[in-house]
Amino acid sequence: MLRSLRIALRTLLRRPGFTVVAVGTLAVGIGATTALFAVVHSVLLDPLPYPDADALVRVHHPVPLENEEWRWSLSEAGFFALRESNGTLEDLAVYSRSTTILGSEGVAERVGAALVSANLFDVLGARPALGRLLRWEDNDPAAPSVAVLSHQFWTRALGADPSVVGSEILLQGFPRQVVGVVEPGFGLPDGETDLWLPVEISPENQPVNWHRFASVGRLRPGVDGAQAESDLKRVVATFAERLPSAYAGGFIERTGFTVEVVPLHEHVVGDVSTALWVLLGAVAIVLLIGCANVANLLLVRMEGGRRERAVRTALGATRLDLAAGSVTECLLLTSAAGVLALLLAMWGLELLLAFSPDLPRLENVGISSATVLFTIVVAVFTGAVFGLLPALTGRPRLEWLREGAGLTTSRGRNLVRGGLVVGEMALALVLLMAAGLMIRTFENLRDVEPGLDPAGVLTVQVSLPVAEYRDYEPIAGFYRDLLDRVQGLAGVSTAGATTHLPLASGGGCAIMFTDDPAAVERMRSCFILPVLATPGYFEAMGIDVEGRTPGWAEMENGRAGVVITGAVAEQVWPGEDPLGRGIRGNGNEPPFYTVVGVSDHLRAERLDGPSAPQVYFPMLPMPGTSLWSPPRSMTLAVRTATDDPTVLAGPVRQAIRDLAPGAAIGEIRPMTAVIADSMGSTSFAMLLLGIAATVALALGVIGLYGVISYVVEHRRTEIGIRMALGAPAALVKRRVVAEAARLAGIGVLVGGVASLIVSRALASQLYGVSANDPLTLAAVALLLLGVAVAAAYEPASRAARVEPMQVLRGE
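Residues numbered from 1 in each chain as written. Predicted model: local features only at pLDDT ≥ 70, side-chain atom pairs only at ≥ 80, totals over all residues. Heavy atoms only, no water.

1. Some remarks on the overall build of the protein chain
Here is step 1: Counting its secondary structure elements, the protein chain contains 28 helices and 23 strands.
Here is step 2: Seen through its principal axes, the protein chain has C-alpha atoms that stretch 105 × 55 × 55 Å.
Here is step 3: Out of the 811 residues belonging to the protein chain, those deemed buried represent 51%.
Here is step 4: Within the protein chain, contacts between residues separated by at least 24 positions form 81% of all contacts whose residues are at least 6 apart in sequence.
Here is step 5: With an accessible surface of roughly 35600 Å², the protein chain has 58% of that area assigned to carbon and sulfur atoms.
Here is step 6: One finds the centroid of the 64 positive side-chain charges in the protein chain at a distance of 16 Å from the centroid of its 78 negative side-chain charges. (Helix = DSSP H or I, 4+ residues; strand = E, 2+ residues; numbered from the N terminus. Buried < 20%, exposed > 50% of the residue type's maximum accessible area, 1.4 Å probe, protein only. Contact = heavy atoms within 4.5 Å. Areas by Shrake-Rupley, 256 points an atom, 1.4 Å probe, with all protein chains shown as cover. Lys, Arg positive; Asp, Glu negative; His and termini not counted. Charge placed at Lys NZ, Arg CZ, Asp CG, Glu CD.)

As structure tokens, this is what we get:
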């Protein structure tokens, strides 16, 4: 073995050009595959970081008669009913994510908070690092206010002070006692949080149809998800009788309200798995193309080393000896490529994470032991396969010793080399097709009219403390004063605020009622998102409204109307004029808010979806009505006359501080960045597929160039004879280019068929273009053929410059 290693090392060092090209090509392919595998492993394959994580499930409520895609969270009353009456779950816990204000005037900051039922820690298997965790009595609305800190927040914000337990922190202007710090690394299934707070819930509260809690359940030993789902459906069937104030009146029958149990890991990963597997497949194709290139290099070396192997055979070397030597040499190549690939993967992961959208579990991505093992397996497998090539070509023959410089290549080996090039071209076309489809999707999304004008708009998140801003009036007064100040800044044309920023805020819905008895049944189901907005908001966002928008005077007098999106008008008053109609939430009795404006084309939730059904209510409710809860967290929209609205971030921030020193200011970014982020997953996939397709195209062209150059070199004698017999140089050039075009054409045909099959995996990621779009396929096919012909031009020109007499004299 040591002798084989020494011989292999000397052989590779004697051919530094071949060694560098082979190692570099394999390193790029293995490195890219390793980087994507690290993401796939951390996001999709790694179990969640909880004890016995396979037993954890998410419980939610589908409403298929409302919308096939909707999955509602749990209500407070529904949570207690499911928890107490099931026989398949060890326990069931709930939580909701929020932000809160930590600190006092001048030092307030927004921090992430989780409002949880105390048993969530037991369900997820958490332990305290200091003090204690939450108890059920902490969830009682009359219990003292307490908090548990995450280990990361305790370390970052409080310097890991061990005396923090028993101390008080200010949240929303009110003191809370810190009772503990949770163990390092513990977090919610769908992301980290800074503080853990007990949510005020009780089985004694009046049941309402408000589905606001995410859930985590733990299956009993020996129970699977299907059994648990069947058991919980039995409980849900009793909701109308058991919780009549929330679920009676035919609600369950009308909506198809039921229950579903899914593995928690599946819920956390969501719909990113398809995209990640497609991207991993794309870089694996790059690796295959790189391997094909190296295989062609090895075949060329084998042709040049036939006499050497014949000599070794004559001296007693067996076929196994030759194979072992070849495998050793290739393993050295792939080992060096594997080490370099790990370095490239580390660097590539940094870039990948910098440009990646908000993927779940992204904080866990890194080069783990599983990733290193994956790299080793790929390198060893690749080396073994390449190393066996000589053994697969047959036993060396002694007559090879009598062959001289005019050695020709067998038809079989020419077919192998041509087949490898055809494979490279086909795989490159598959990647080019995928990248082309994603580019078309991205362009289609960019062409979508969002129903607003983002140019020059600055968005600023603002949160007000509860201690100072308990009710609607002081909040409305703050925003009126703030907007007056902001509109007085140089370069600002208008400003407004909303609770839900288009294409950035989460979804949701509420049950609405209308003054039209015929529309009551259409309105009682949950499909409309209630949004609060200030006067000036629609003008600041550049949202066209048919009719008018409410002003401050009518809002403060309790006479403000509402603006609805076109989707509400179509579903509630189809074929009718909605202006002047009445609508409200939280009750079906007058007074109703009057519809004064309609925004037909606003894409408030996603660019690749229809207009979302939304009702924009005023900040102050009319007498006798309710607007859910006071809007303490809103987002400013400031329209400026500058191309870079962020230059006003400082003055806007100062205006907020002057009016509310205890307010917390969150993200400040242009609206153009908000829209760009909404297309983050598409642009991320487009970027990676584009890079993979470019590399694949380059490797394929290099492989084609190498094969054509090799063919020209080994057919110099034939070309010389043809030219000596009168063949013109132009004809020789055309024949060489035609050979390249033939190989590329076969590759395009094979790749075209393959891409029609493979591109279906991208169907869920596309918008405005078919997975088998003929225009994209034709464009990438022509691109590949054109590049292939261009790659053959230099070898063809070299062939046309062959001197017949010089070649014949050499023979």
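2. Focus on the pairing of strand β20 (residues 593-599)
Here is step 1: Counting buried positions over the seven residues of β20 gives six, a clear majority of the element.
Here is step 2: As judged from the two bridges shared by strand β17 (residues 546-547) and β20, these two strands associate in the antiparallel manner. Opposite Glu 546, over in β20, you have Val 598 as the bridge partner.
Here is step 3: As judged from the four bridges shared by strand β18 (residues 562-565) and β20, these two strands associate in the parallel manner. Residue pairing for β20: Ile 564 is matched across the bridge by Val 598.
Here is step 4: Pairing of strand β19 (residues 582-585) with β20, which is carried by two bridges, proceeds in the antiparallel orientation. Paired with Gly 582 across the bridge in β20 is Thr 594. (Pairing = 2+ DSSP bridges.)

3. Points about the packing of aromatic side chains
Working definition: an aromatic ring pair is given by the centre-to-centre distance plus the angle between the planes.
Here is step 1: Across all of its chains, the model carries 19 aromatic pairs by this definition.
Here is step 2: Their ring planes at 5 degrees and their centres at 4.0 Å tell us that Phe 37 and Phe 374 sit as a pair that is stacked. A residue pair is termed long-range when its members are at least 10 positions apart, and Phe 37 in helix α2 (residues 16-45) and Phe 374 in helix α14 (residues 369-387) qualify at 337 residues. The residues Phe 37 and Phe 374 share a single accessibility class, namely buried.
Here is step 3: Cluster of aromatic residues (ring-pair linked, three or more members): Trp 72, Phe 239, Tyr 247, Phe 251 and Phe 257.
Here is step 4: When the ring centre of Trp 210 is taken as reference, the NZ or CZ atom of Arg 212 above it lies at 4.4 Å. (Phe/Tyr/Trp six-rings, centres within 6.5 Å; stacked < 30°, edge-to-face > 60°. Lys NZ or Arg CZ within 6 Å of the ring centre and 35° of its normal.)

4. Some words on helix α6 (residues 225-236)
Every α-helical turn comprises 3.6 residues, leaving residues that sit three or four positions apart pointing alike.
Here is step 1: With 12 residues, α6 should cover 16 Å at 1.5 Å per step; its first-to-last C-alpha distance of 16 Å lies within 8% of that length.
Here is step 2: Within the span of α6, buried status applies to Ala 228, Glu 229, Asp 231, Leu 232, Val 235 and Val 236. Viewed along the axis of α6, the buried residues span an arc of 165 degrees, placing them on a single side of the element.
Here is step 3: One side-chain oxygen at the N-terminal end of α6 lies 3.3 Å from the backbone nitrogen of Ala 226; it belongs to Asp 224. (Expected span 1.5 Å × (residues − 1). Arc of directions from axis to C-beta. Polar contact = N/O pair within 3.5 Å; in protein donor to acceptor, adjacent residues only side chain to side chain.)

5. Concerning the packing of helix α17 (residues 472-487) against helix α22 (residues 649-659)
Here is step 1: Axis separation between α17 and α22 bottoms out at 10 Å; the angle between their running directions is 145 degrees. In the crossing of α17 with α22, the sense of the turn from one axis to the other is right-handed. Across the interface between the two elements, Phe 478, Asp 481, Leu 482, Arg 485 and Val 486 of α17 pack against Val 652, Ala 655, Ile 656, Asp 658 and Leu 659 of α22.
Here is step 2: When grouped by side-chain class, the residues that make up the contact of α17 with α22 number seven nonpolar, no polar and three charged. (Axes fitted to C-alpha atoms, helices over the stretch in contact; angles between N-to-C directions. Left-handed = near helix turned anticlockwise from the far one by under 90°. Nonpolar A, V, L, I, M, F, W, Y, C, P; charged D, E, K, R; others polar.)

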